Amino acid sequence: MEQPTAEAVLQGVFTLYNDPNNVEKEKASKWLEEFQKSIHSWKIADELLRQKHDLNSCTFAAQTMRNKIQNSFHELPETAHESLRQSLLEHLSHITIETQSVIVTQLSLALADLALLMSSWQKPVATLLQRFSSNANMMYALIELLTLIPEEVNSRHLRLGANRRKEILLDLEADSTLVAEYLTVCLVNGNENELLRSKILKCFTSWVQINAFKLPEISDNMIIVYSFQLLSSGTTSPDLHEAATDCLCSLLHCMELNNSRGGLDDKLFGSIMCLEEAYNMSVAQEDLDKSMNLCRLFTVLVESNLTRMVALSDGETPHYSVKSLDLVLNCVGHYDYEVAEITFNMWYRLSEELYQGNNYQLTSHFKPYVERLIAALYKHSQLDPDLDGLASGSFNDFRFKVSEIVKDVIFIVSSISCFKQMFIILQSPNVSWESSEAALFIMQNVARNILPEESEVVPKVVEAILNLPENCHIAIRYTSISILGELCDWIDSNPETLQPVLNFLLFALQQKNGLATAAANSLQSICSTCKKHMLGHISGLMEIARCLDGFDIQTESAIGLLKGISIIIGRLPAAQLTPAMQELCSFQVEALSRLTNGDDDGLDGKKGRSDPAFWLDRLASIYRHVSPTVRNNEVNPCAFVIVNNWNVLSRALERYKNDSKIMERIVRCIRYAIRCIGKQAMPILEPLVKQIITIYSGHNHSCLLYLGSILVDEFAYEEGCTQGLLNMLQAFIEPTFGVLQMENGLKNHPDMVDDFFRLATRFIQRAPLQFLQSPLVTPIIQCGLLACTLDHREANISVMRFFCSLLRHDRANDLEPMVQSILASHGEALIMNLLYASVFCLHSNMLSDVAEVFVEIKQHSPLQLEEYVKKAVDSLPKKNSGGSVTVTHEQMVQFVSNVVK
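Residues numbered from 1 in each chain as written. Predicted model: local features only at pLDDT ≥ 70, side-chain atom pairs only at ≥ 80, totals over all residues. Heavy atoms only, no water.

## Some words on the overall build of the protein
Working step 1: The secondary structure content of the protein amounts to 47 helices and 0 strands.
Working step 2: C-alpha extents for the protein along the principal axes are approximately 95 × 80 × 65 Å.
Working step 3: Considering only contacts in the protein between residues 6 or more positions apart, those separated by 24 or more positions represent 73%.
Working step 4: Positive and negative side-chain charges in the protein, numbering 75 and 105 respectively, have mean positions lying 4 Å apart. (Helix = DSSP H or I, 4+ residues; strand = E, 2+ residues; numbered from the N terminus. Contact = heavy atoms within 4.5 Å. Lys, Arg positive; Asp, Glu negative; His and termini not counted. Charge placed at Lys NZ, Arg CZ, Asp CG, Glu CD.)

See the structure below:
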């Protein structure tokens, strides 16, 4: 972009905000975006800020300045840093109380980021306080700046580097006393200005969050005292109440991080325990926001003490901090379930600590609290008495979370005691339907843990469910059906109950309003668990399959039901299995056949029937779960059915080759078919390979690469197949590289990278010699080297596994010379790219996969690895754009040593 004038930029901003013509607005937006990326925007943004033309132009200029410092600071030579600093300080000094907050924030962000990046700016916080603290007009802007500097320390945009970040944190720690004093003065002199007080609290919180304060020094800090005053008062505004809560929560997190005990810790604990009255007042006043804030604070109090609460409660008496659970349970009893939900993660963490401890006496201290939790959740789970149907919307989501938390904590009180407790509620005289349903709902969540030999309560519950009156509420019937599915292990051990349970579920399967879906899910669970006993019911299951489309069940549940039926079919003798599987498949194959022939008449009577994915997913479920036990050299009874149905899937590939979503479903179906019968799929191998090569050349569906990897996995061992599969790989390479070599090709097509390198890895695993001898290896490695920097979890794992497999071979076999040759040619570039990617491109959770490649190279030669790592580290930049040293020579030497070790 040529250098524009300030007037041209002003005109662009005016058009963007004021022109009624949307086409002109869009053009102006794109032009301004390009302008912000150009090097000229530094000077012009500065000029616009001096001109103070209007609000929009000043806002745009401040945002531009902030963006440039965050993303393009490298454009400025170090000599320009000082003039930029002076310019920003000058702009900031012109701020008045009337200046729009958006401009204050953007300018403050720009200056905060500059202070962090600019290593030559010594003691920026002290400088800012010295320059602006005596100016009352600057109070808001200065507090904003002091809030943002600690907040930006860990910003990924700035890429400060560990050395610079450590240096800054030490500086901030040294200046924290000055900041605390300034904020206290502002609080004292700020009259009753709520906005100012809220900003003071937020600023103090941001310094606590980076652990800048020495905790003993702030134990009597006025801002902490003020926070408790705000939370104790019934008249505090919502914003101040939230800011005070955030402040105290941050302090608790900070103390947990520092393992700080005594002094401030005891003061905080005692003061927060005294806020129970304030919480009760917020409930009485129906002030939900305040109740939620205080619940959050009580929850964080427990979490910050959790480790020592558990560690120091293994004697006869629990640790004193256990009483904070009473505060949390008081909140769980709040009339609004959203308050209870705030505590759920804390209960999960407590259950994890106790489970790891595996100590009966320790767990027993927490049992009364968990019993009270479950009692409260039982009440929260009750449906509205006026409800005619089933739970839905956000309340249904809440009940799902209740399910998860009950399953997490149930071992503390035991499943059977909870089950019995809920059964007592069911037997209460005049119990309301919603209380009964909630009790059943809690029972449903623990039923799977009931021991199969239980004979006191479960038989009574099952009998009561099987004899539900016809006029009982639909929600009770729905939950009762679900309980039967969860009791599948108990039913398996008590087979005399199976027939009446199946009759009950079959009746429910014919109902509407969600009951059929619940029955299908329970039937699937029973089929999956009671395989042996269900064999005798195969004719009934086949009848269900024939009528499947007549039932009012959701798509996923229908697929699940087919899974259950398929599991039972897989246990039939071969002579019965083939016709049963053929019939089960025929309902799906016939519909697919009509669709692929363009004849969908009569299929669209119900939603989705004319969508091939509807039938493909069902067929895939059958292929996946009919899993007979077949000995070597025996004919797989599924082979006849799968080979017979191949033509329909082949036609589907051809008909839907333009639709990537449907192609994925077809490939998934073929994958399970081939996995089901393995090498007995040989009759379809050649036509399948030819077809996917042809389709892939014109339509680059990455799922076809994935299918190729399945074929390699199953057939590469077979004599006569390897070369054909290598030819398939060669045919895939040209269109794949054509896509990946385009601008941003790797970034825009991570699925293709993932599937292509999975295919290459399968070749190394199944036919290593033929693969390493082929001319395809070098271009694939070169593509892998480029893909090292791709910040996509699955794609990165596939690339790393490819390199690991390439290097991971028995050092004594014939492949070693080939691997050594590959290392000699590409090892240095590989380590260079991996190290660069680890520092600049990849998320930290991806580095363990990168490390595996280093380990494999070390197995071949530790000296070679050391040499490669040294060269790679030498090639990395030693200074960042702010001029600070990102890595010292000593750190480099230590790093190389650590990696090689």
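## Description of the packing of aromatic side chains
Working step 1: Scanning the entire structure with this criterion turns up 19 aromatic pairs.
Working step 2: Linked through ring pairs, Phe737, Phe756, Phe757, Phe802 and Phe803 together constitute an aromatic cluster.
Working step 3: Sitting over the face of the ring of Trp121, Arg85 holds its NZ or CZ atom 4.8 Å from the ring centroid.
Working step 4: In this structure, Arg399 is placed above the aromatic ring of Phe441, and the distance from its NZ or CZ to the ring centre is 4.1 Å. (Phe/Tyr/Trp six-rings, centres within 6.5 Å; stacked < 30°, edge-to-face > 60°. Lys NZ or Arg CZ within 6 Å of the ring centre and 35° of its normal.)

## Quick look at the nonpolar core
Working step 1: In terms of nonpolar packing, the biggest core is built from 326 residues, with Trp347, Ile569, Met581, Phe771 and Ile780 touching the most fellow members.
Working step 2: Once residues within four sequence positions are removed from consideration, Trp347 is found in contact with Leu325, Val328, Leu329, Val332, Tyr369, Leu373, Ile405 and Val409. (Core = buried A, V, L, I, M, F, W, Y, C linked by side-chain atoms within 4.5 Å. Buried < 20%, exposed > 50% of the residue type's maximum accessible area, 1.4 Å probe, protein only.)

## Observations regarding the pattern of salt bridges
Working step 1: Enumeration according to the criterion identifies 39 salt bridges in this entry.
Working step 2: A salt bridge links Glu856 to Arg808; its shortest N-O distance comes to 2.9 Å. Pair noted here: Glu856 is in helix α45 (residues 847–860) and Arg808 is in the loop between α43 (793–807) and α44 (816–840), with a separation of 48 residues, a long-range link.
Working step 3: Judged by relative accessible area, Glu856 falls into the buried class, the value being 7%.
Working step 4: Note that Lys871 is salt-bridged to Glu867, the shortest N-O span being 3.7 Å. With Lys871 and Glu867 both in helix α46 (residues 862–875) and 4 residues apart, the pair spans about one turn of that helix.
Working step 5: What makes Glu867 partly exposed here is its relative accessible area of 40%.
Working step 6: Ionic contacts of the salt-bridge type, sharing partners, join the residues Arg675, Asp713, Glu714, Arg762 and Arg766 into one network. (Salt bridge = Lys/Arg side-chain N within 4 Å of Asp/Glu carboxyl O.)

## Quick notes on unusual backbone geometry
Working step 1: One non-glycine residue, Arg159, lies in the positive phi region at around 50 degrees.
Working step 2: Non-glycine residue Asn633 carries a positive phi angle of around 70 degrees.
Working step 3: Position of Asn633 relative to the elements: it lies in the loop between α32 (612–625) and α33 (639–644).
Working step 4: Looking at Asn633, the relative accessible area reads 84%, which means it is exposed.

## Brief notes about helix α22 (residues 433–446)
Working step 1: Given a rise of 1.5 Å per residue, 14 residues ought to cover 20 Å, and the 20 Å separating the end C-alpha atoms of α22 matches this to within 8%.
Working step 2: Counting buried positions over the 14 residues of α22 gives 14, a clear majority of the element. (Expected span 1.5 Å × (residues − 1).)

## With respect to the environment of Tyr836
Working step 1: Along the chain, the position of Tyr836 falls in helix α44.
Working step 2: Using a relative accessible area of 41% as the deciding quantity, one classes Tyr836 as partly exposed.
Working step 3: Sequence separation of Tyr836 and Leu876 is 40 residues, and the distance between their C-alpha atoms is 7.2 Å.

## Overview of the environment of Lys267
Working step 1: Here Lys267 is to be found in helix α13 (residues 264–273).
Working step 2: Sequence separation between Lys267 and Asn21 is 246 residues; the distance between their C-alpha atoms is 62 Å.
Working step 3: Among residues more than four places away in sequence, those in contact with Lys267 are Ser219 and Asp220.
Working step 4: Here the side chain of Lys267 touches Asp220 through a polar contact of 2.3 Å, side chain to side chain. (Polar contact = N/O pair within 3.5 Å; in protein donor to acceptor, adjacent residues only side chain to side chain.)

## A few points about helix α12 (residues 238–258)
An α-helical turn contains 3.6 residues, so a residue and the one three or four places further along point in the same direction.
Working step 1: In this model, α12 (21 residues) spans 30 Å end to end at C-alpha, consistent with the 30 Å of a helix rising 1.5 Å per residue.
Working step 2: Of the residues trailing α12, Asn259 is marked for its positive phi of about 50 degrees.

## Description of the UniProt feature "domain: Importin N-terminal" (unreviewed entry) in the protein
Working step 1: The UniProt feature table records "domain: Importin N-terminal" (unreviewed entry) at residues 28–94.
Working step 2: Annotated as residues 28–94, this span is 76% helix and 0% strand, and its ends, taken at the C-alpha atoms, are 29 Å apart. (UniProt positions renumbered as here; feature names shortened; annotations may be inferred.)

## Concerning the side chain of Gln524
Working step 1: Along the chain, the position of Gln524 falls in helix α27 (residues 515–529).
Working step 2: On the basis of relative accessibility, which here comes to 19%, the residue Gln524 falls in the buried class.

## Here's the deal with a negative patch on the surface
Working step 1: Together, Glu194, Asp239, Glu242 and Asp289 line one region of the surface with negative charge.
Working step 2: In this fold, Glu194 is placed in helix α10 (residues 194–209).
Working step 3: When its relative accessible area of 41% is taken as the criterion, Glu194 is described as partly exposed. (Patch = residues over 30% accessible without salt bridge, like charges linked within 9 Å, V, L, I, M, F, W, Y side chains within 5 Å. Areas by Shrake-Rupley, 256 points an atom, 1.4 Å probe, with all protein chains shown as cover.)

## Points about the environment of Leu562
Working step 1: Along the chain, Leu562 turns up in helix α30 (residues 555–569).
Working step 2: You can call Leu562 buried: its relative accessible area is 1%.
Working step 3: Separated by 17 residues in sequence, Leu562 and Ala545 have C-alpha atoms that sit 7.3 Å apart.
Working step 4: Every residue in contact with Leu562, bar those within four places of it in the chain, is listed here: Leu548, Leu584, Gln588, Arg618 and Ser621.

## A look at the state of the cysteines
Working step 1: Throughout the structure, instances matching the rule amount to 0 disulfides.
Working step 2: Residue Cys186 stays outside any disulfide, its sulfur separated by 8.7 Å from that of Cys203, the closest cysteine.
Working step 3: With no disulfide of its own, Cys721 lies closest to Cys676 among cysteine sulfurs, the gap being 19 Å. (Disulfide = S-S within 2.5 Å.)

## A few points about the packing of α10 against helix α11 (residues 222–232)
The geometry of a pair of packed helices is captured by two quantities: the angle between their axes and the separation between those axes.
Working step 1: Between α10 and α11, the least distance of the axes is 11 Å, while the angle of their chain directions is 125 degrees. With respect to α11, the axis of α10 lies oblique. For α10 against α11, the interelement crossing comes out left-handed. Facing α10, whose interface residues are Arg197, Ile200, Leu201 and Phe204, α11 presents Ile223, Ile224, Tyr226, Ser227 and Leu230.
Working step 2: Each residue belonging to the contact of α10 with α11 can be placed in one class, and the counts come to 7 nonpolar, 1 polar and 1 charged. (Axes fitted to C-alpha atoms, helices over the stretch in contact; angles between N-to-C directions. Parallel < 35°, antiparallel > 145°, perpendicular 65-115°, else oblique. Left-handed = near helix turned anticlockwise from the far one by under 90°. Nonpolar A, V, L, I, M, F, W, Y, C, P; charged D, E, K, R; others polar.)

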